[in-house]
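Descriptive analysis of the structure
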Amino acid sequence: MAHELEIIPGTEWGFFTLPRPMCIAGPCSAETEEQVMETARGLHAFGIHVYRAGIWKPRTHPGSFEGVGSQGLKWLRRVKEELGMQVCTEVATEKHVLECIKYGVDMIWIGARTSANPFLMQEIADALEGTDIPVLVKNPVNPDLDLWIGALERLNRAGIRKLGVVHRGFSTSAPIPYRNDPGWELAIQLRTRYPKMAFFADPSHMAGDRKYLLELSQRAMDLGMDGLMVESHCCPQEAWSDAKQQLTPNALQLLLESLIIRDNTSENVSYREGIDALRARIDVIDENLLKLLKDRMDVSRAIGHYKKEHNVAVLQTGRWDQLLQDVVARAAQLNISEQAIRSIMNAIHEESVRVQNQMMDL
Ligand code: PEP
Ligand code: MN
């Protein structure tokens, strides 16, 4: 069920400028006053004016660096005063919210571990009631669209209308090159449901490694997202958290300059936007099809192995005829032609038999 949200678009919050991408950048964590200032200066020098830094860090293991705490808010205030940047940080409790308000933080975000927790979301929403600070909600760690929307609803009911989201991907046990599964289809669904809501991607936490930042940022732009939240550190290799995924300000500048952004100046703007968005959706679906095909081939291999152990022939025509008949019937309900589904399934079956035979030959 679609829930209505009363939202003010990001371009009306007073500090994001077009053209896309609207950019939020800064270190994973505030570490020292010097690191905060040096990174901010590097970013400010090429026009970034929304600065991020984690002050309280949700870490997997106790005893890891858990953030510098409230003293870091003084450093963020200095970034505001000296460079005129807007500053933002992550909050996870009522105390964090109150501290941010006290120190004049301009925007806050809710981390992926927190947006997955309705108790904490309610606590934060209650603490924010009566303010009009912009809030970005990262997707929950698990791919649950309703949980994400529920977090947005709690804030909206507390009167927060400058609401946006940050898509940072989802935890997965699947072997993927990235730290988190992009799961773009969920972002597309949310975007389609709330087209006015400021939509950011966080390629840093999605990637887990700076070498993937460009491809993920480009994908986010192709999907029509408004902005990017990217981790940048004056000296990434020495970062106290997320060292592998951070970029120097210079490297971030290069990345942003190499993004291909379809501009909105053509006469055919609505056509172009429409077709780009549709093509980006097709790309995501094809990626998912590939993943599914790979899973299917893995299972075929396991079946081949199992049949060999039990001395059973690969081709079991009775089973295949039945399977095909069922799929054709279900396809008809989904408006997929019999001819199309037969040729797709036959191609898959052919490959599956080949893969099983390979197992027999081992
Ligand atoms: C962060 O932005 O520093 C962070 C902890 O991100 P996430 O909540 O996406 O893991
Ligand atoms: Mn981080």
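Residues numbered from 1 in each chain as written. Chains lettered and ligands numbered in written order. Predicted model: local features only at pLDDT ≥ 70, side-chain atom pairs only at ≥ 80, totals over all residues. Heavy atoms only, no water.

1. Focus on the overall build of the protein chain
The condition that has to hold: Put simply, DSSP H or I for four residues or longer makes a helix, DSSP E for two residues or longer makes a strand, and each gets a number counted from the N terminus. Two residues qualify as a contact provided that any one of their heavy atoms is within 4.5 Å of a heavy atom in the partner residue. Calculation of accessible area relied on Shrake-Rupley with a 1.4 Å probe; when residues are assessed, cover is drawn exclusively from the protein chains displayed.
Each helix and strand in the protein chain was counted, giving 13 helices and eight strands. Taken along its principal axes, the extent of the C-alpha atoms in the protein chain is 75 × 50 × 40 Å. Summarising the internal contacts of the protein chain: among those between residues at least 6 apart in sequence, 72% fall at separations of at least 24. Summed over all atoms, the accessible surface of the protein chain reaches about 18,200 Å², with 52% contributed by carbon and sulfur.

2. Observations concerning the coordination of the manganese ion (ligand 2)
For the record, the criterion: Here the coordinating atoms are restricted to nitrogen, oxygen and sulfur within 2.8 Å of the metal centre, or 3.2 Å for Na, K and Ca, and because water is not among them the sites may look incomplete.
Within the first shell, the manganese ion (ligand 2) binds the protein through C28 (SG), H205 (NE2), E231 (OE) and D242 (OD), at distances of 2.1 to 2.4 Å. Sequence positions of the donors to the manganese ion (ligand 2) reduce to the motif C-x176-H-x25-E-x10-D. Of this pair, E231 sits in strand 8 (residues 227–231) while D242 sits in the loop between strand 8 and helix 10 (249–258); the two residues are eleven residues apart in sequence, bridging distant segments of the chain.

3. A few points about the nonpolar core
The condition that has to hold: In this description, a nonpolar core means a group of buried Ala, Val, Leu, Ile, Met, Phe, Trp, Tyr and Cys residues linked to one another through side-chain atoms lying within 4.5 Å. Using a 1.4 Å probe on the protein chains alone, a residue whose accessible area is under 20% of its type maximum counts as buried, one over 50% counts as exposed, and one in between counts as partly exposed.
In terms of nonpolar packing, the biggest core is built from 76 residues, with Y51, V79, L128, V135, V137, L155 and L190 touching the most fellow members. Considering every element that reaches this core, the biggest residue donor is helix 6 (residues 145–157), with six residues. Counting 15 residues, the second-largest nonpolar core is a separate cluster that includes F16, M107, W109 and A198.

4. Points about the pattern of salt bridges
Heads up, the condition is: A pairing counts as a salt bridge when a side-chain nitrogen of Lys or Arg comes within 4 Å of a carboxyl oxygen of Asp or Glu.
Evaluation of the coordinates by the stated rule reveals 17 salt bridges. The salt bridge involving K102 is made with E99; its shortest N-O contact spans 3.7 Å. Of the two residues, K102 and E99 are both situated in helix 3 (residues 94–102); the distance of three residues between them amounts to about one turn of the helix. A relative accessible area of 15% means that E99 is categorised as buried. Connected via shared salt-bridge partners are E33, R78 and E82.

5. Some details on the site of ligand 1
To keep things clear, this is the line we draw: Think of it this way: one heavy atom of a residue within 4 Å of a molecule or strand is enough to make that residue near it. In the analysis that follows, any N or O atom pair within 3.5 Å is treated as a polar contact, provided that within protein one partner can donate a hydrogen and the other can accept it, and provided that, for residues neighboring in sequence, both atoms belong to side chains. Residue polarity is assigned by list, with Asp, Glu, Lys and Arg as charged and Ala, Val, Leu, Ile, Met, Phe, Trp, Tyr, Cys and Pro as nonpolar; anything else, Gly included, falls into the polar class.
Lining the immediate environment of ligand 1, one finds R52, K57, E90, W109, G111, A112, R113, K138, R168, H205 and E231. Residue R52 places a side-chain N or O atom 2.7 Å away from an oxygen atom belonging to ligand 1. Separating an oxygen atom of ligand 1 from a side-chain N or O atom of R113 is a distance of 3.0 Å. Tallied by class, residues from the shell around ligand 1 come to two nonpolar, two polar and seven charged.

6. Notes on the domain arrangement of the protein chain
The line we're drawing: Domain start and end points were adopted from an automatic or database domain assignment. Accessible area, probed at 1.4 Å, shrinks when two parts are joined; the buried area is that loss added up over both.
In terms of domains, the protein chain is made up of domain 1 (10–258) and domain 2 (269–361). Placing a centre on the C-alpha atoms of domain 1 and another on those of domain 2 gives a separation of 39 Å. In total, domain 1 and domain 2 occlude about 630 Å² of area from one another, counting both sides; carbon and sulfur atoms represent 56% of this. Of all residues in domain 1, the largest losses of buried area upon contact with domain 2 belong to E185, I188 and R219, amounting jointly to 54% of the total for that side. The interface formed by domain 1 and domain 2 contains two salt bridges. A salt bridge links D181 to K291; the nearest nitrogen and oxygen atoms lie 3.8 Å apart. Applying the counting rule to domain 1 against domain 2 returns two residue pairs in polar contact (both at pLDDT 80 or more). Within the residue set of the side of domain 1 that touches domain 2, elements represented by two or more residues are helix 7 (184–193) and helix 9 (213–222). If you tally residues by element for the side of domain 1 that touches domain 2, the top one is helix 7, at three residues. Within the side of domain 1 that touches domain 2, the residues separate by chemical class into three nonpolar, no polar and four charged.

7. Examining helix 12 (residues 317–333)
Short version of the rule: Multiply 1.5 Å by the residue count of a helix minus one, and that product is the helix's expected span. By definition, the arc is the one covered by directions from the helix axis to the C-beta atoms.
Relative to the 24 Å expected for 17 residues at 1.5 Å per residue, helix 12 spans 25 Å between its end C-alpha atoms, a close match to the ideal helical length. Among the residues of helix 12, those classed as buried are W320, L323, L324, V328 and A331. An end-on view of helix 12 places all buried positions within 135° of arc, on one side of the element. Exposed and oriented more than 90 degrees from the buried face of helix 12 are R319, Q325, R330, A332 and Q333. Looking at the residues trailing helix 12, positive phi occurs at N335, about 70°.

8. Here we look at the environment of L247
With respect to the helices and strands, the residue L247 is situated in the loop between strand 8 and helix 10. In this structure, the C-alpha to C-alpha distance between L247 and C28, residues 219 residues apart in sequence, is 10 Å. Once residues lying within four places of it in the same chain are set aside, the contact partners of L247 are R210, L213, V230, E231, S232, H233, P236, L252 and L255.

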